Amino acid sequence: MSYLRILIILFFVQVSYAQEVSLQFEQANQVYRNGDVQKAAGMYEEILKNGYESPALYYNLGNAHFKLNNIPSAILNYERAKRLAPHDDDVSYNLRLANLRVIDKIEPIPQLFFTEWWQSIMNLYSADGWSIVMIIALWCAAISFAILLMMRSMLIRKTSLILTAAAVVISVLSIVALRQREHQEQAQLNAIITAASVSVKSAPDEQSTDLFILHEGVKVELVDNVGNWLKIHLPDGKVGWLASASLEAI
Amino acid sequence: MMKVLAVVCLIGLFCSVTVAMVGNFTASVDRNRIAMGEQLELTFTLNGSSSGSNFRPPVFNGFLTLSGPNQSTNMQFVNGTTSSSISYSYVLQPRSEGDFTIGSATIDFNGNQLQTQPITIKVVKGSPQAKQQGSPAEDTDIGKQIGDNLFLKVSVDKSSVYQGEQITVTYKVYNRTRLANLNITKLPAMTGFWSEDLEQIKQVQFAPEVVNGKQYNVAVLKKVALFPQRSGSLTLDPMDVECVVQVQTRKRSNDIFDQFFNDPFFGNQSNVKHTIRSQPLKITVMPLPDAGAVSSFGGAVGKFSMETWLDKQQTKTNDPVTLKVKISGRGNLKLLEAPAINVPPDLERYDPKISDNVTREGSFIAGNRTFEYLLIPRHAGEQKIPSFPFTFFDVDKKKYTTLNSPEFVLSVEKGSDAGSSPVVGLSKEDVKLLGEDIRFIKSGAVKFRRKGESFTGSPAFFALAISPVLSCVGLFVYARRRRKILGDVTGLRNRKARKVAQQRLVQAKKFLQMKKKEEFYTEVSRALWGYVADKLGIPPAELSKDTARLSLEQRGLSVEIVSELVAVIERCDFARFAPPSDSLTMDTMYNEAEKLISTIEDNIR
């Protein structure tokens, strides 16, 4: 009983914290509306510093940076918002707008149609969304399985068998999607170049050959790291090494 | 000009020619081997008399007669004896190379015809000697008069140099004549060299100098520094200087005073133009040693230092900066190539502006050459201009020396006019979109969560995800167990009913063959009853004909089949205890039972 009580207290504490954060967020929004974008950005950052996050928070912070003409930070925050809410239309729109200000134009290598489909399906929901899909599918499977076992009527039994199979397939797919989304959200797979311009090196060494130059705002995939050096991968297939100071993980 | 030299001795006029001698007529040349362009003096001399007549010269094949015949008479008194001679001289110039023979000349003397010996002349190619221009006889004479007294000499400080190394060439005029004026008519074409005058000579100044025991007035006409641009044997063309010399001209006449007072004081002074020419000069140019040749070597030979600087360390985008590279020292400055500078691609580099400042340090060409690179930063950030090398060939040390520039770091801030920075890779449609604004911030009910915290992986998630799986497993296990308890007997009997009945009929068939009537009917009866009981799921003991009939009709069997079944069973029971019947009846019975079972199997629900 005492455990339960502690849990309940903790829950309320959480809720009250969350309320406080919401208040802070709304204050920041007010400052933004009043035109003090710089201050608003600081307030959003403060919430993040306290350890809370939300797609809307990243999105608003991105907007603030955009207004301050700080494009790489805007892109970084939009990307973070997109990570949490892959299907938010506003986030995608503003991100696209911010990306137009990026100097480097990188043509992505076209992916296999199958991969693209899977990517777009996977991006339908966040990891939490996929969790819910998976739980619902599992429960559907369980209920229809129970019907299959209990009912004597052939028609009902046949229907419930199909339902069970479908629910199992959906839950397996959603588990896979969930795992991948979770990986995308948790692991820092991508990063944004924050330095105005950096030369990408051929090896994790200052003396190595300059391969190409990237400018602020470019999104790169992080593949590997050696000490302070990160191996990056560009959508057009280029690979190189960058000092970790010149970019920030999404 | 025909020149007749007649030497008449006054005394000789009073002396009778008493000595009658046998004439000796000879031909002589000043040399037997001459080069093309040189002149040959050919003289036919009759010794012993000055009264030869009817001189007939030979035909000069292959020679051009520049002057002649020039007749001269000579008379000598030696110890009281008089000797006289007459000579006919020619100045010839070869027309072509090869061996030529000058034929015999003849003269009549004392009624005898005298003949000279033919002379062979070898004409070789090319003259190292300056040839006399135009070469009319008059010039020749002046040339003779001037001779060694006025010449042009070219000298070099070294005759063998490296490619690009400086050579100093000096043209000097040596004079012992009355030189009225001189004028350089042809400057040597310095092909293959970069030349730079070391001294600009405005006025020729003579200074006395003794050469081979003779005092000359010597003046430097030209002093030039040459930098060979290619290796090999290079030749400096001769320089032509037209001089106006005061000479005494001799009349063609037989004016004896001219002969006697052949002296400038008495002579007829006149200004004569005379061209003097320097010797062509051969210079051996060694190629630069390949060993140690560096990729950054751009042809600089000499001794240099390099200075580099940026005009500012900080700038804004699109605000140009200038990188200056000043190379100063001695050497082939004007042949210096711009050092290769690798600037980051974010800096737009233009071709360098080159300015030279050439000075003279003694007999060396020195100065500096400045390369100005205009760099325009296009993007903000720290732009690093890496160190670049400049290599020259040090003539003194005979090796390559590389100078390295310092590394520059240019910090570029974002310019105020960000709009003018080129926007890369936008289509028109994209640009239109740029004009649009971002969507406004989100507000209202926003759910926050702690960073890294998510529903996925939380205990609730696992509980919700695992519980349906567990309940399914539980349900399945429960259902199996229940079926075992409930449905096993009836279900199993139902499924195996036909098989059991078939086995009994097989047994019955055995009894039929053994003619065991009673056992046969028992078996058939049990097969049928057992089958019905199994199918209906009723224990055989509880099965009566009425219940069987009712149940079977309920399960969809027609009344006829049920009645037939009951009839067959009754006949079986009856036949068991009846008197022996024939095997035919038993066969019929067997077939009927078999048929019935399959009928029921097909029709029962």
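Residues numbered from 1 in each chain as written. Chains lettered and ligands numbered in written order. Predicted model: local features only at pLDDT ≥ 70, side-chain atom pairs only at ≥ 80, totals over all residues. Heavy atoms only, no water.

## Here's the deal with the sheet that holds strand S28 (residues 381-385) of chain B
Residue and element names in this part refer to chain B.
Working step 1: Across the sheet, which stays open at both edges, the three strands sit in the order S23-S31-S28 with mixed pairing between neighbours. Here the strands that pair on one side only, and so sit at the sheet edges, are strand S23 (314-316) and S28. Direction aside, the axes of adjacent strands within the sheet are offset by 30° on average.
Working step 2: Note that S23 and strand S31 (residues 408-413) share three bridges and pair parallel. Each residue of the ladder has a partner; that of Gln-314, found in S31, is Ser-411. (Pairing = 2+ DSSP bridges. Helix = DSSP H or I, 4+ residues; strand = E, 2+ residues; numbered from the N terminus. Axes fitted to C-alpha atoms, helices over the stretch in contact; angles between N-to-C directions.)

## Here we look at the packing of aromatic side chains
Residue and element names in this part refer to chain B.
Working step 1: Counted by the stated rule, this structure contains 26 aromatic pairs over all chains.
Working step 2: Their ring planes at 75° and their centres at 5.4 Å tell us that Phe-151 and Tyr-216 sit as a pair that is edge-to-face. One end of the pair, Phe-151, is in strand S11 (residues 150-156); the other, Tyr-216, is in strand S17 (residues 214-228), and 65 residues separate them in sequence.
Working step 3: Classification of Phe-151 by relative accessible area gives partly exposed; the value is 25%.
Working step 4: One aromatic cluster is present, built from ring pairs that chain together Phe-25, Phe-44, Phe-55, Phe-60, Tyr-88 and Tyr-90. (Phe/Tyr/Trp six-rings, centres within 6.5 Å; stacked < 30°, edge-to-face > 60°. Buried < 20%, exposed > 50% of the residue type's maximum accessible area, 1.4 Å probe, protein only.)

## Concerning a nonpolar patch on the surface
Working step 1: A contiguous nonpolar patch, built from Trp139(A), Ile143(A), Ile147(A), Met150(A), Met151(A), Leu155(A), Ile156(A), Leu464(B) and Tyr478(B) and spanning about 840 Å² of accessible area, is present on the exposed surface.
Working step 2: For the nonpolar patch, the secondary structure elements donating two or more residues are helix H7 (127-150) and helix H8 (154-186) of chain A together with helix H5 (459-513) of chain B.
Working step 3: Here the nonpolar patch takes four residues from H7(A), the largest share from any one element.
Working step 4: Following the sequence through the fold, Ile143(A) ends up in helix H7.
Working step 5: When its relative accessible area of 49% is taken as the criterion, Ile143(A) is described as partly exposed. (Patch = residues over 30% accessible without salt bridge, like charges linked within 9 Å, V, L, I, M, F, W, Y side chains within 5 Å. Areas by Shrake-Rupley, 256 points an atom, 1.4 Å probe, with all protein chains shown as cover. Salt bridge = Lys/Arg side-chain N within 4 Å of Asp/Glu carboxyl O.)

## Let's talk about the sheet that holds strand S9 (residues 112-115) of chain B
All names here are of chain B.
Working step 1: Pairing within the open sheet is antiparallel, and its three strands lie in the order S4-S8-S9. This sheet does not close on itself; its edge strands, each paired only once, are strand S4 (53-56) and S9. Taking each pair of neighbouring strands and ignoring which way they run, the sheet shows an average axis angle of 20°.
Working step 2: Inspection of the sheet shows strand S8 (residues 106-109) paired to S9 by four bridges, in the antiparallel sense. Counterpart to Phe-109 in the pairing with S9 is Asn-112.

## Digging into helix H8 (residues 559-577) of chain B
Working step 1: The terminal C-alpha atoms of H8(B), which comprises 19 residues, lie 28 Å apart, in line with the 27 Å expected from a rise of 1.5 Å per residue.
Working step 2: The complete set of buried residues in H8(B) reads Ile561(B), Val562(B), Leu565(B), Val566(B), Val568(B), Ile569(B), Cys572(B) and Ala575(B). (Expected span 1.5 Å × (residues − 1).)

## So, the environment of Ile569(B)
All names here are of chain B.
Working step 1: If you trace the backbone, Ile-569 turns up in helix H8.
Working step 2: Judged by relative accessible area, which is 3%, Ile-569 ranks as buried.
Working step 3: Taking the C-alpha atoms as reference points, Ile-569 and Ala-593, 24 residues apart in sequence, are found 8.8 Å from one another.
Working step 4: Other than its neighbours up to four places away in sequence, Ile-569 contacts Leu-528, Trp-529 and Lys-545. (Contact = heavy atoms within 4.5 Å.)

## Focus on unusual backbone geometry
Working step 1: Not every positive phi belongs to a glycine, and Asn318(B) is a case in point at roughly 70°.
Working step 2: One can find Asn318(B) in the loop between S23 and strand S24 (321-331).

## Quick look at the interface of chain A and chain B
Working step 1: At the interface, 61 residues of chain A touch 46 residues of chain B.
Working step 2: Summing both partners gives a buried area of about 4800 Å² for chain A against chain B, and 61% of it is carried by carbon and sulfur.
Working step 3: On the chain A side of the interface with chain B, the three residues burying the most area are Glu53(A), Tyr93(A) and Leu100(A), jointly 12% of the side's total.
Working step 4: Taken together, chain A and chain B are joined by five salt bridges.
Working step 5: Glu216(A) is paired through a salt bridge with Lys414(B); the nearest N and O atoms lie 3.2 Å apart.
Working step 6: Where chain A meets chain B, there are 13 residue pairs in polar contact (both at pLDDT 80 or more).
Working step 7: Counting residues per element, the side of chain A that touches chain B draws most heavily on H7(A), which supplies 14 residues.
Working step 8: In the sheet, strand S1 (residues 52-53) of chain A pairs with strand S32 (residues 449-450) of chain B via two bridges, with the strands oriented antiparallel. (Buried area = accessible area lost by both parts, 1.4 Å probe. Polar contact = N/O pair within 3.5 Å; in protein donor to acceptor, adjacent residues only side chain to side chain.)

## Notes on the confidence of the model for chain A
Working step 1: Confidence in the prediction for chain A averages 86 pLDDT; 93% of positions are at 70 or higher.
Working step 2: Across chain A, the element-wise mean pLDDT spans from 75 in helix H1 (residues 2-33) of chain A up to 91 in helix H3 (residues 55-67) of chain A. (pLDDT = per-residue confidence, 0-100.)

## Side note on the side chain of Asn368(B)
Working step 1: Looking at where Asn368(B) falls in the secondary structure, it is placed in strand S27 (residues 364-377).
Working step 2: The contacts of Asn368(B), once residues within four sequence positions are left out, are Lys326(B), Ile327(B), Ser328(B), Leu333(B), Ser355(B), Asp356(B) and Asn357(B).

## Structural notes on the packing of helix H2 (residues 37-49) of chain A against H3(A)
Residue and element names in this part refer to chain A.
Working step 1: Running from N to C, H2 and H3 cross one another at 150°; their axes reach a closest spacing of 9 Å. Considering the angle they form, H2 stands roughly antiparallel to H3. Judged by the sense of rotation from one axis to the other, the crossing of H2 with H3 is left-handed. Residues Val-37, Ala-41, Tyr-44, Glu-45, Ile-47 and Leu-48 of H2 pack against Leu-57, Tyr-58, Asn-60, Leu-61, Ala-64, His-65 and Lys-67 of H3.
Working step 2: Broken down by class, the residue content of the contact of H2 with H3 amounts to nine nonpolar, two polar and two charged. (Parallel < 35°, antiparallel > 145°, perpendicular 65-115°, else oblique. Left-handed = near helix turned anticlockwise from the far one by under 90°. Nonpolar A, V, L, I, M, F, W, Y, C, P; charged D, E, K, R; others polar.)

## Thoughts on the pattern of salt bridges
Working step 1: A full pass over the atoms with the stated rule returns 23 salt bridges over all chains.
Working step 2: For Asp90(A), the salt bridge goes to Lys442(B), with nearest N and O atoms at 3.3 Å. Taken together, the residues span two chains, with Asp90(A) in helix H5 (residues 89-99) and Lys442(B) in the loop between helix H4 (428-434) and S32.
Working step 3: With a shortest N-O distance of 3.2 Å, Glu592(B) and Arg571(B) are connected by a salt bridge. Taken together, the residues span a long stretch of sequence, with Glu592(B) in helix H9 (residues 583-603) and Arg571(B) in helix H8 at a distance of 21 residues.
Working step 4: Here Glu592(B) falls in the partly exposed class, since its relative accessible area comes to 22%.
Working step 5: When salt bridges that share partners are traced, they join Asp88(A), Asp89(A), Asp90(A), Arg439(B) and Lys442(B) into one network.

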